[in-house]
Amino acid sequence: MTDLPTPTSTPPKPGQLTFTAPRRGKPPRHLADLTPSERREVVESLGHKGFRAKQLSTHYFERLVDSPDEMTDLPKGVRDDLVRDLLPTLLTPMVQRTADDGETVKSAWRLHDGAIVESVLMRYPNRVTICISSQAGCGMNCPFCATGQAGLTRNLSTAEIVEQVVYAARSLRRGELAGGGDEEERTTPLRVSNVVFMGMGEALANYKAAIGAIRRLVDPAPDGLGMSARGITMSTVGLVPAVDKLAAEGIPVTLALSLHAPDDELRNELVPINTRWSVDEAIDSAYRYFQATKRRVSIEYALIRDINDQAWRADLLGRKLTARGKGWVHVNPIPLNPTPGSKWTASRPGVEQQFVERLRAAGIPTTIRDTRGQDIDGACGQLAASTA
Ligand code: SAH
(Lines give C-alpha, C1' and ligand atoms only; values in the text may rest on other atoms or scores of the structure.)
Protein backbone atom coordinates (compact mmCIF):
# COMPACT_ATOMS: atom_id res chain seq x y z
CA MET A 1 0.00 0.00 0.00
CA THR A 2 3.04 2.26 -0.05
CA ASP A 3 2.24 3.76 -3.45
CA LEU A 4 -0.92 5.43 -2.17
CA PRO A 5 -0.99 9.19 -1.77
CA THR A 6 -0.76 10.07 1.88
CA PRO A 7 -3.56 12.17 3.37
CA THR A 8 -2.11 15.42 4.55
CA SER A 9 -3.74 16.20 7.85
CA THR A 10 -1.49 17.30 10.67
CA PRO A 11 -2.06 15.99 14.18
CA PRO A 12 -3.82 18.63 16.27
CA LYS A 13 -2.42 20.18 19.43
CA PRO A 14 -4.23 19.22 22.65
CA GLY A 15 -7.64 20.88 22.78
CA GLN A 16 -7.40 22.26 19.26
CA LEU A 17 -10.65 22.01 17.29
CA THR A 18 -10.89 21.79 13.52
CA PHE A 19 -14.18 22.61 11.83
CA THR A 20 -13.17 23.27 8.27
CA ALA A 21 -12.01 20.23 6.43
CA PRO A 22 -9.03 20.75 4.16
CA ARG A 23 -10.16 21.19 0.56
CA ARG A 24 -9.24 18.30 -1.61
CA GLY A 25 -10.39 17.10 -5.01
CA LYS A 26 -14.10 16.36 -4.85
CA PRO A 27 -15.09 12.72 -5.14
CA PRO A 28 -16.81 11.93 -8.45
CA ARG A 29 -20.55 12.59 -8.58
CA HIS A 30 -22.64 9.55 -7.72
CA LEU A 31 -26.32 8.64 -7.91
CA ALA A 32 -26.49 8.51 -4.11
CA ASP A 33 -25.44 12.17 -3.88
CA LEU A 34 -28.61 13.21 -5.67
CA THR A 35 -32.26 13.57 -4.72
CA PRO A 36 -34.72 11.74 -6.99
CA SER A 37 -35.53 14.93 -8.91
CA GLU A 38 -31.84 15.82 -9.30
CA ARG A 39 -31.22 12.32 -10.66
CA ARG A 40 -33.82 12.88 -13.33
CA GLU A 41 -32.32 16.22 -14.28
CA VAL A 42 -28.81 14.82 -14.50
CA VAL A 43 -29.91 11.80 -16.52
CA GLU A 44 -31.72 14.10 -18.96
CA SER A 45 -28.77 16.47 -19.18
CA LEU A 46 -26.66 13.47 -20.17
CA GLY A 47 -29.01 12.96 -23.08
CA HIS A 48 -31.07 10.06 -21.74
CA LYS A 49 -34.78 9.65 -21.07
CA GLY A 50 -35.77 10.90 -17.61
CA PHE A 51 -37.32 7.59 -16.54
CA ARG A 52 -33.90 5.95 -16.74
CA ALA A 53 -33.12 7.66 -13.45
CA LYS A 54 -35.70 5.52 -11.67
CA GLN A 55 -34.48 2.38 -13.37
CA LEU A 56 -30.95 3.10 -12.26
CA SER A 57 -32.13 3.86 -8.72
CA THR A 58 -33.95 0.52 -8.64
CA HIS A 59 -30.76 -1.28 -9.58
CA TYR A 60 -28.66 0.54 -7.04
CA PHE A 61 -30.93 0.96 -4.00
CA GLU A 62 -33.32 -1.95 -4.38
CA ARG A 63 -31.45 -4.66 -6.22
CA LEU A 64 -28.07 -3.49 -4.87
CA VAL A 65 -26.63 -3.97 -8.33
CA ASP A 66 -23.95 -1.74 -9.83
CA SER A 67 -22.68 -3.84 -12.70
CA PRO A 68 -24.05 -2.96 -16.16
CA ASP A 69 -24.27 -6.68 -17.02
CA GLU A 70 -27.10 -7.10 -14.55
CA MET A 71 -29.13 -4.14 -15.82
CA THR A 72 -30.82 -5.99 -18.64
CA ASP A 73 -33.84 -3.68 -18.73
CA LEU A 74 -31.59 -0.92 -20.03
CA PRO A 75 -30.19 -0.85 -23.57
CA LYS A 76 -26.53 -1.83 -23.56
CA GLY A 77 -25.10 1.56 -24.52
CA VAL A 78 -27.35 3.36 -22.07
CA ARG A 79 -26.32 1.22 -19.11
CA ASP A 80 -22.63 1.61 -19.82
CA ASP A 81 -23.02 5.39 -20.01
CA LEU A 82 -25.15 5.64 -16.89
CA VAL A 83 -22.91 3.44 -14.83
CA ARG A 84 -19.84 5.39 -15.91
CA ASP A 85 -21.46 8.75 -15.19
CA LEU A 86 -23.51 7.98 -12.09
CA LEU A 87 -22.09 4.89 -10.40
CA PRO A 88 -18.35 5.55 -10.27
CA THR A 89 -16.28 3.50 -7.84
CA LEU A 90 -15.98 5.54 -4.64
CA LEU A 91 -14.75 2.97 -2.15
CA THR A 92 -12.06 0.43 -2.88
CA PRO A 93 -11.78 -2.35 -0.30
CA MET A 94 -8.31 -2.49 1.25
CA VAL A 95 -8.34 -4.79 4.23
CA GLN A 96 -11.01 -6.70 6.07
CA ARG A 97 -10.54 -8.10 9.55
CA THR A 98 -12.98 -10.24 11.47
CA ALA A 99 -13.54 -10.81 15.17
CA ASP A 100 -16.14 -12.32 17.49
CA ASP A 101 -16.27 -15.59 15.49
CA GLY A 102 -16.90 -13.75 12.26
CA GLU A 103 -19.87 -11.78 13.60
CA THR A 104 -17.87 -8.53 13.51
CA VAL A 105 -16.16 -7.40 10.32
CA LYS A 106 -14.09 -4.24 10.06
CA SER A 107 -13.45 -2.94 6.55
CA ALA A 108 -10.93 -0.31 5.56
CA TRP A 109 -11.76 1.55 2.36
CA ARG A 110 -9.56 3.65 0.14
CA LEU A 111 -11.26 6.72 -1.31
CA HIS A 112 -10.54 8.23 -4.73
CA ASP A 113 -7.85 10.53 -3.32
CA GLY A 114 -6.12 7.96 -1.14
CA ALA A 115 -7.86 8.94 2.10
CA ILE A 116 -8.83 5.91 4.18
CA VAL A 117 -11.97 5.31 6.19
CA GLU A 118 -13.29 2.34 8.10
CA SER A 119 -16.67 0.81 8.81
CA VAL A 120 -17.64 -2.02 11.12
CA LEU A 121 -20.44 -4.52 10.51
CA MET A 122 -21.81 -6.36 13.53
CA ARG A 123 -24.30 -9.19 13.74
CA TYR A 124 -26.49 -9.54 16.82
CA PRO A 125 -29.27 -12.04 17.51
CA ASN A 126 -32.05 -9.86 16.08
CA ARG A 127 -30.30 -7.15 14.16
CA VAL A 128 -27.35 -6.23 12.02
CA THR A 129 -25.67 -2.94 12.78
CA ILE A 130 -23.18 -1.06 10.68
CA CYS A 131 -21.01 1.60 12.22
CA ILE A 132 -20.07 4.07 9.49
CA SER A 133 -17.63 6.93 9.02
CA SER A 134 -18.69 10.43 8.00
CA GLN A 135 -15.26 12.02 7.72
CA ALA A 136 -11.75 10.79 7.04
CA GLY A 137 -10.25 11.54 10.44
CA CYS A 138 -11.98 13.90 12.86
CA GLY A 139 -11.47 17.48 14.02
CA MET A 140 -12.93 17.12 17.50
CA ASN A 141 -9.70 15.95 19.11
CA CYS A 142 -11.05 13.96 22.06
CA PRO A 143 -7.83 12.74 23.72
CA PHE A 144 -9.12 9.21 24.43
CA CYS A 145 -10.17 8.54 20.80
CA ALA A 146 -7.67 7.28 18.24
CA THR A 147 -9.48 8.92 15.31
CA GLY A 148 -9.22 12.38 16.85
CA GLN A 149 -5.48 12.12 17.33
CA ALA A 150 -4.65 12.13 13.64
CA GLY A 151 -6.74 15.19 12.84
CA LEU A 152 -9.23 15.80 10.07
CA THR A 153 -8.30 14.74 6.56
CA ARG A 154 -11.57 15.58 4.83
CA ASN A 155 -15.34 15.37 4.79
CA LEU A 156 -16.96 12.43 3.05
CA SER A 157 -19.56 13.05 0.38
CA THR A 158 -23.11 11.80 0.83
CA ALA A 159 -22.49 8.92 -1.57
CA GLU A 160 -19.26 7.92 0.19
CA ILE A 161 -21.28 7.58 3.39
CA VAL A 162 -24.16 5.71 1.72
CA GLU A 163 -21.80 3.36 -0.12
CA GLN A 164 -20.54 1.96 3.19
CA VAL A 165 -24.09 0.81 3.92
CA VAL A 166 -24.72 -0.46 0.39
CA TYR A 167 -21.51 -2.54 0.43
CA ALA A 168 -22.64 -4.05 3.73
CA ALA A 169 -26.10 -4.79 2.37
CA ARG A 170 -24.57 -6.55 -0.64
CA SER A 171 -22.26 -8.56 1.55
CA LEU A 172 -25.22 -9.67 3.70
CA ARG A 173 -27.14 -10.66 0.60
CA ARG A 174 -24.26 -12.87 -0.37
CA GLY A 175 -24.44 -14.46 3.09
CA GLU A 176 -20.94 -13.38 4.05
CA LEU A 177 -21.50 -12.47 7.68
CA ALA A 178 -21.09 -15.41 10.03
CA GLY A 179 -23.34 -16.18 12.95
CA GLY A 180 -27.00 -16.84 13.56
CA GLY A 181 -28.41 -19.46 15.86
CA ASP A 182 -30.72 -22.04 14.29
CA GLU A 183 -31.04 -23.21 10.70
CA GLU A 184 -33.76 -20.68 9.90
CA GLU A 185 -31.70 -17.80 11.24
CA ARG A 186 -28.68 -18.91 9.27
CA THR A 187 -30.51 -19.22 5.98
CA THR A 188 -32.77 -16.14 6.08
CA PRO A 189 -31.11 -13.36 4.12
CA LEU A 190 -29.98 -10.57 6.42
CA ARG A 191 -30.63 -6.88 6.04
CA VAL A 192 -28.86 -3.95 7.61
CA SER A 193 -31.31 -3.00 10.36
CA ASN A 194 -29.26 -0.36 12.16
CA VAL A 195 -26.83 2.30 11.06
CA VAL A 196 -24.82 4.19 13.64
CA PHE A 197 -22.75 7.28 12.84
CA MET A 198 -20.11 6.15 15.31
CA GLY A 199 -17.18 5.44 13.04
CA MET A 200 -14.63 8.05 12.08
CA GLY A 201 -15.66 11.66 12.17
CA GLU A 202 -18.13 14.09 13.67
CA ALA A 203 -21.04 13.75 11.27
CA LEU A 204 -22.78 16.93 12.41
CA ALA A 205 -19.63 18.88 11.42
CA ASN A 206 -20.28 17.51 7.90
CA TYR A 207 -23.96 18.28 8.17
CA LYS A 208 -25.05 18.53 4.57
CA ALA A 209 -23.50 15.25 3.50
CA ALA A 210 -24.70 13.49 6.66
CA ILE A 211 -28.32 14.59 6.28
CA GLY A 212 -28.18 13.67 2.60
CA ALA A 213 -27.02 10.20 3.59
CA ILE A 214 -29.79 9.88 6.17
CA ARG A 215 -32.35 10.77 3.48
CA ARG A 216 -30.94 8.15 1.11
CA LEU A 217 -31.11 5.56 3.90
CA VAL A 218 -34.73 6.26 4.88
CA ASP A 219 -36.29 7.17 1.52
CA PRO A 220 -38.49 4.26 0.41
CA ALA A 221 -37.09 2.06 -2.37
CA PRO A 222 -36.26 2.65 -5.12
CA ASP A 223 -35.43 6.26 -4.20
CA GLY A 224 -33.41 5.08 -1.20
CA LEU A 225 -32.74 2.02 0.93
CA GLY A 226 -36.07 2.21 2.76
CA MET A 227 -34.66 1.85 6.27
CA SER A 228 -36.52 2.92 9.37
CA ALA A 229 -35.30 6.20 10.89
CA ARG A 230 -35.46 4.62 14.33
CA GLY A 231 -32.73 2.24 13.27
CA ILE A 232 -30.35 5.12 12.62
CA THR A 233 -28.31 6.72 15.37
CA MET A 234 -26.57 10.05 15.01
CA SER A 235 -23.76 10.35 17.52
CA THR A 236 -22.30 13.75 18.33
CA VAL A 237 -19.95 15.56 20.67
CA GLY A 238 -22.77 18.11 21.04
CA LEU A 239 -22.59 20.67 18.25
CA VAL A 240 -25.62 22.45 19.66
CA PRO A 241 -26.82 24.42 16.60
CA ALA A 242 -26.51 21.28 14.44
CA VAL A 243 -28.47 19.21 16.98
CA ASP A 244 -31.29 21.76 16.79
CA LYS A 245 -31.14 21.73 13.02
CA LEU A 246 -31.36 17.93 12.98
CA ALA A 247 -34.37 18.07 15.30
CA ALA A 248 -36.14 20.28 12.76
CA GLU A 249 -35.55 17.93 9.79
CA GLY A 250 -38.56 15.78 10.64
CA ILE A 251 -36.61 12.52 10.42
CA PRO A 252 -36.75 10.89 13.83
CA VAL A 253 -33.32 9.30 13.97
CA THR A 254 -31.98 8.47 17.42
CA LEU A 255 -29.61 11.01 18.90
CA ALA A 256 -26.61 9.94 20.96
CA LEU A 257 -24.72 12.60 22.88
CA SER A 258 -21.11 11.82 23.77
CA LEU A 259 -21.03 13.39 27.20
CA HIS A 260 -18.31 11.50 29.11
CA ALA A 261 -18.38 13.95 32.04
CA PRO A 262 -21.18 15.82 33.85
CA ASP A 263 -19.00 18.82 34.83
CA ASP A 264 -17.40 21.41 32.57
CA GLU A 265 -13.98 21.23 34.14
CA LEU A 266 -13.42 17.61 33.18
CA ARG A 267 -15.44 17.70 29.96
CA ASN A 268 -13.35 20.61 28.67
CA GLU A 269 -10.46 18.19 28.72
CA LEU A 270 -12.18 15.01 27.53
CA VAL A 271 -14.39 16.55 24.84
CA PRO A 272 -12.73 19.83 23.81
CA ILE A 273 -15.89 21.10 22.05
CA ASN A 274 -17.16 21.67 25.58
CA THR A 275 -15.22 24.92 25.61
CA ARG A 276 -17.78 26.14 23.01
CA TRP A 277 -20.94 24.47 24.25
CA SER A 278 -21.00 23.50 27.89
CA VAL A 279 -22.39 20.37 29.53
CA ASP A 280 -25.67 22.13 30.32
CA GLU A 281 -26.02 23.54 26.82
CA ALA A 282 -25.34 20.12 25.29
CA ILE A 283 -27.83 18.38 27.59
CA ASP A 284 -30.44 21.08 26.90
CA SER A 285 -30.08 20.55 23.15
CA ALA A 286 -30.47 16.80 23.64
CA TYR A 287 -33.63 17.45 25.63
CA ARG A 288 -34.99 19.72 22.91
CA TYR A 289 -34.20 16.95 20.42
CA PHE A 290 -36.31 14.58 22.50
CA GLN A 291 -39.17 17.07 22.68
CA ALA A 292 -39.14 17.60 18.93
CA THR A 293 -38.84 13.96 17.89
CA LYS A 294 -40.16 12.00 20.88
CA ARG A 295 -37.17 9.75 20.44
CA ARG A 296 -35.41 8.83 23.64
CA VAL A 297 -31.90 10.23 23.57
CA SER A 298 -28.87 8.24 24.61
CA ILE A 299 -25.97 9.62 26.58
CA GLU A 300 -22.64 8.02 25.84
CA TYR A 301 -20.17 7.80 28.66
CA ALA A 302 -16.82 6.05 28.23
CA LEU A 303 -15.81 4.96 31.71
CA ILE A 304 -12.17 5.90 32.26
CA ARG A 305 -10.44 4.60 35.37
CA ASP A 306 -10.11 7.21 38.11
CA ILE A 307 -10.89 10.00 35.64
CA ASN A 308 -14.66 10.21 35.19
CA ASP A 309 -15.97 7.16 37.05
CA GLN A 310 -16.39 8.53 40.58
CA ALA A 311 -19.68 8.01 42.41
CA TRP A 312 -20.19 11.76 42.72
CA ARG A 313 -20.00 12.15 38.97
CA ALA A 314 -22.65 9.43 38.52
CA ASP A 315 -24.85 11.33 40.98
CA LEU A 316 -24.24 14.68 39.30
CA LEU A 317 -25.07 13.17 35.91
CA GLY A 318 -28.25 11.64 37.34
CA ARG A 319 -29.30 15.00 38.80
CA LYS A 320 -28.63 16.90 35.60
CA LEU A 321 -30.65 14.46 33.53
CA THR A 322 -33.62 14.14 35.87
CA ALA A 323 -33.75 17.92 36.31
CA ARG A 324 -34.92 18.14 32.68
CA GLY A 325 -37.64 15.53 32.95
CA LYS A 326 -38.42 11.83 33.14
CA GLY A 327 -38.35 9.13 30.49
CA TRP A 328 -36.47 11.18 27.91
CA VAL A 329 -33.01 9.72 28.18
CA HIS A 330 -30.98 6.67 28.90
CA VAL A 331 -27.30 6.33 29.66
CA ASN A 332 -24.99 4.01 27.81
CA PRO A 333 -21.71 3.69 29.67
CA ILE A 334 -18.97 1.88 27.79
CA PRO A 335 -15.69 0.68 29.25
CA LEU A 336 -12.94 2.73 27.61
CA ASN A 337 -11.26 0.91 24.76
CA PRO A 338 -7.50 1.23 24.79
CA THR A 339 -5.92 3.45 22.14
CA PRO A 340 -2.25 3.92 21.26
CA GLY A 341 -0.40 6.57 23.22
CA SER A 342 -3.19 7.10 25.73
CA LYS A 343 -2.42 6.64 29.40
CA TRP A 344 -6.04 5.95 30.23
CA THR A 345 -7.71 2.64 30.74
CA ALA A 346 -11.17 1.25 31.51
CA SER A 347 -12.71 1.53 34.95
CA ARG A 348 -12.50 -1.39 37.33
CA PRO A 349 -15.56 -3.68 37.01
CA GLY A 350 -16.79 -2.92 40.54
CA VAL A 351 -16.56 0.81 39.91
CA GLU A 352 -18.37 0.42 36.60
CA GLN A 353 -21.16 -1.48 38.36
CA GLN A 354 -21.44 1.16 41.04
CA PHE A 355 -21.65 3.91 38.43
CA VAL A 356 -24.52 2.07 36.70
CA GLU A 357 -26.35 1.43 39.94
CA ARG A 358 -26.22 5.02 41.09
CA LEU A 359 -27.69 6.22 37.81
CA ARG A 360 -30.42 3.60 38.01
CA ALA A 361 -31.14 4.63 41.58
CA ALA A 362 -31.66 8.15 40.25
CA GLY A 363 -34.29 6.73 37.89
CA ILE A 364 -32.20 6.80 34.71
CA PRO A 365 -32.31 3.63 32.58
CA THR A 366 -28.68 2.64 32.18
CA THR A 367 -27.12 -0.20 30.20
CA ILE A 368 -23.47 -0.94 29.62
CA ARG A 369 -22.77 -0.85 25.92
CA ASP A 370 -21.58 -4.06 24.39
CA THR A 371 -18.22 -3.49 22.80
CA ARG A 372 -17.18 -5.37 19.71
CA GLY A 373 -14.05 -5.82 17.70
CA GLN A 374 -11.53 -4.68 20.29
CA ASP A 375 -8.89 -7.16 19.16
CA ILE A 376 -9.05 -5.86 15.58
CA ASP A 377 -8.94 -2.18 16.60
CA GLY A 378 -12.52 -2.01 15.43
CA ALA A 379 -14.12 -0.89 18.67
CA CYS A 380 -15.38 2.60 19.56
CA GLY A 381 -12.57 5.10 19.44
CA GLN A 382 -10.10 2.70 17.85
CA LEU A 383 -10.67 3.51 14.19
CA ALA A 384 -7.50 5.13 13.01
CA ALA A 385 -7.14 3.55 9.60
CA SER A 386 -4.16 1.56 10.82
CA THR A 387 -4.72 -1.38 8.55
CA ALA A 388 -1.61 -3.32 9.45
N1 SAH B 1 -17.98 12.10 16.66
C2 SAH B 1 -19.05 11.26 17.15
C3 SAH B 1 -18.83 9.78 16.81
C4 SAH B 1 -17.61 9.26 17.47
S5 SAH B 1 -17.39 7.59 17.90
C6 SAH B 1 -19.15 11.40 18.65
O7 SAH B 1 -18.22 11.89 19.27
O8 SAH B 1 -20.17 11.05 19.21
C9 SAH B 1 -18.72 7.06 18.82
C10 SAH B 1 -18.53 7.01 20.32
O11 SAH B 1 -17.34 6.32 20.73
C12 SAH B 1 -18.45 8.39 20.96
O13 SAH B 1 -19.30 8.43 22.07
C14 SAH B 1 -17.02 8.45 21.37
O15 SAH B 1 -16.83 9.39 22.41
C16 SAH B 1 -16.76 7.04 21.80
N17 SAH B 1 -15.35 6.71 21.96
C18 SAH B 1 -14.31 7.34 21.40
N19 SAH B 1 -13.16 6.78 21.80
C20 SAH B 1 -13.48 5.78 22.64
C21 SAH B 1 -12.72 4.84 23.37
N22 SAH B 1 -11.40 4.82 23.30
N23 SAH B 1 -13.38 3.95 24.13
C24 SAH B 1 -14.74 3.95 24.16
N25 SAH B 1 -15.51 4.82 23.50
C26 SAH B 1 -14.89 5.73 22.74
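Attention here is on the structure that accompanies the text. This one's a predicted model, so the numbers in the text were calculated from it and none came from an experiment. (Residues numbered from 1 in each chain as written. Predicted model: local features only at pLDDT ≥ 70, side-chain atom pairs only at ≥ 80, totals over all residues. Heavy atoms only, no water.)

### A few points about the packing of helix α10 (residues 279–293) against helix α11 (residues 311–324)
So, point 1. Relative to each other, α10 and α11 sit at 40°, their axes nearing to 10 Å. As judged from the angle between their axes, α10 and α11 are oblique. The way α10 lies across α11 gives a crossing that is right-handed. Residues V279, D280, I283, D284 and Y287 of α10 pack against K320, L321 and R324 of α11.
So, point 2. Of the residues that constitute the contact of α10 with α11, the class distribution is four nonpolar, no polar and four charged. (Axes fitted to C-alpha atoms, helices over the stretch in contact; angles between N-to-C directions. Helix = DSSP H or I, 4+ residues; strand = E, 2+ residues; numbered from the N terminus. Parallel < 35°, antiparallel > 145°, perpendicular 65-115°, else oblique. Left-handed = near helix turned anticlockwise from the far one by under 90°. Contact = heavy atoms within 4.5 Å. Nonpolar A, V, L, I, M, F, W, Y, C, P; charged D, E, K, R; others polar.)

### Examining the pattern of salt bridges
So, point 1. All chains considered together, the criterion is met by 19 salt bridges.
So, point 2. For E44, the salt bridge identified is with R40, shortest N-O distance 3.9 Å. Remark: R40 and E44 occur in helix α1 (residues 36–45); sequence separation between them is four residues, near one turn of the helix.
So, point 3. Where R324 meets D280, a salt bridge forms, and the shortest distance between an N and an O atom there is 3.4 Å. With R324 in helix α11 and D280 in helix α10, this pair connects stretches of sequence that are 44 residues apart.
So, point 4. What makes R324 buried here is its relative accessible area of 18%.
So, point 5. Look at the salt bridges and you will find they share partners, linking D280, D284, K320 and R324 into a network. (Salt bridge = Lys/Arg side-chain N within 4 Å of Asp/Glu carboxyl O. Buried < 20%, exposed > 50% of the residue type's maximum accessible area, 1.4 Å probe, protein only.)

### A few points about the pairing of strand β3 (residues 116–124)
So, point 1. For β3, a buried count of nine out of nine residues is recorded, marking the element as mostly surrounded by other parts of the structure.
So, point 2. Both faces of β3 are covered, namely the face carrying I116, E118, V120, M122 and Y124 and the face carrying V117, S119, L121 and R123.
So, point 3. In this sheet, β3 lies alongside strand β2 (residues 104–110) in antiparallel orientation, the contact comprising seven bridges. Bridging from a neighbouring strand, V105 pairs with L121 of β3.
So, point 4. In sequence, β2 turns back onto β3 through a hairpin of five residues, with G114 there showing a positive phi of about 90°.
So, point 5. For β3 and strand β4 (residues 127–131), the ladder comprises five bridges, and the chain directions are antiparallel. In the strand pairing of β4, L121 is matched with I130.
So, point 6. Hairpin connection from β3 to β4: two residues lie between these consecutive antiparallel strands. (Pairing = 2+ DSSP bridges.)

### Points about the environment of N155
So, point 1. Looking at the secondary structure, you find N155 in strand β6 (residues 152–155).
So, point 2. Note on N155: relative accessible area 26%, which makes it partly exposed.
So, point 3. Sequence separation between N155 and P22 is 133 residues; the distance between their C-alpha atoms is 8.3 Å.
So, point 4. Setting aside anything within four residues of it in sequence, one finds N155 in contact with A21, S134, Q135, E160, A205 and N206.

### A word on the pairing of β4
So, point 1. The element β4 is extensively covered by neighbouring structure, given that four of its five residues are classed as buried.
So, point 2. Inspection of the sheet shows β4 paired to strand β7 (residues 194–197) by three bridges, in the parallel sense. Each residue of the ladder has a partner; that of C131, found in β7, is V196.

### A closer look at the site of the ligand
So, point 1. Lining the immediate surroundings of the ligand are 18 residues, of which S235, S258, H260, N337 and G381 lie closest.
So, point 2. Measuring from a nitrogen atom of the ligand, one finds a backbone N or O atom of N337 at 2.9 Å.
So, point 3. Here the ligand loses 96% of its free accessible area of 530 Å² to cover by the protein chains.
So, point 4. Of the residues belonging to the shell around the ligand, the class tally is seven nonpolar, nine polar and two charged. (Near = heavy atom within 4 Å. Polar contact = N/O pair within 3.5 Å; in protein donor to acceptor, adjacent residues only side chain to side chain. Areas by Shrake-Rupley, 256 points an atom, 1.4 Å probe, with all protein chains shown as cover.)

### Things to note about helix α2 (residues 52–62)
So, point 1. Among the eleven residues in α2, eight count as buried, and that is most of the element.
So, point 2. Tucked into the core, α2 has its buried residues touching α1, α3 (76–86), α5 (158–173) and α7 (207–218).
So, point 3. Phi for L64, located one or two positions after α2, is positive at around 60°.

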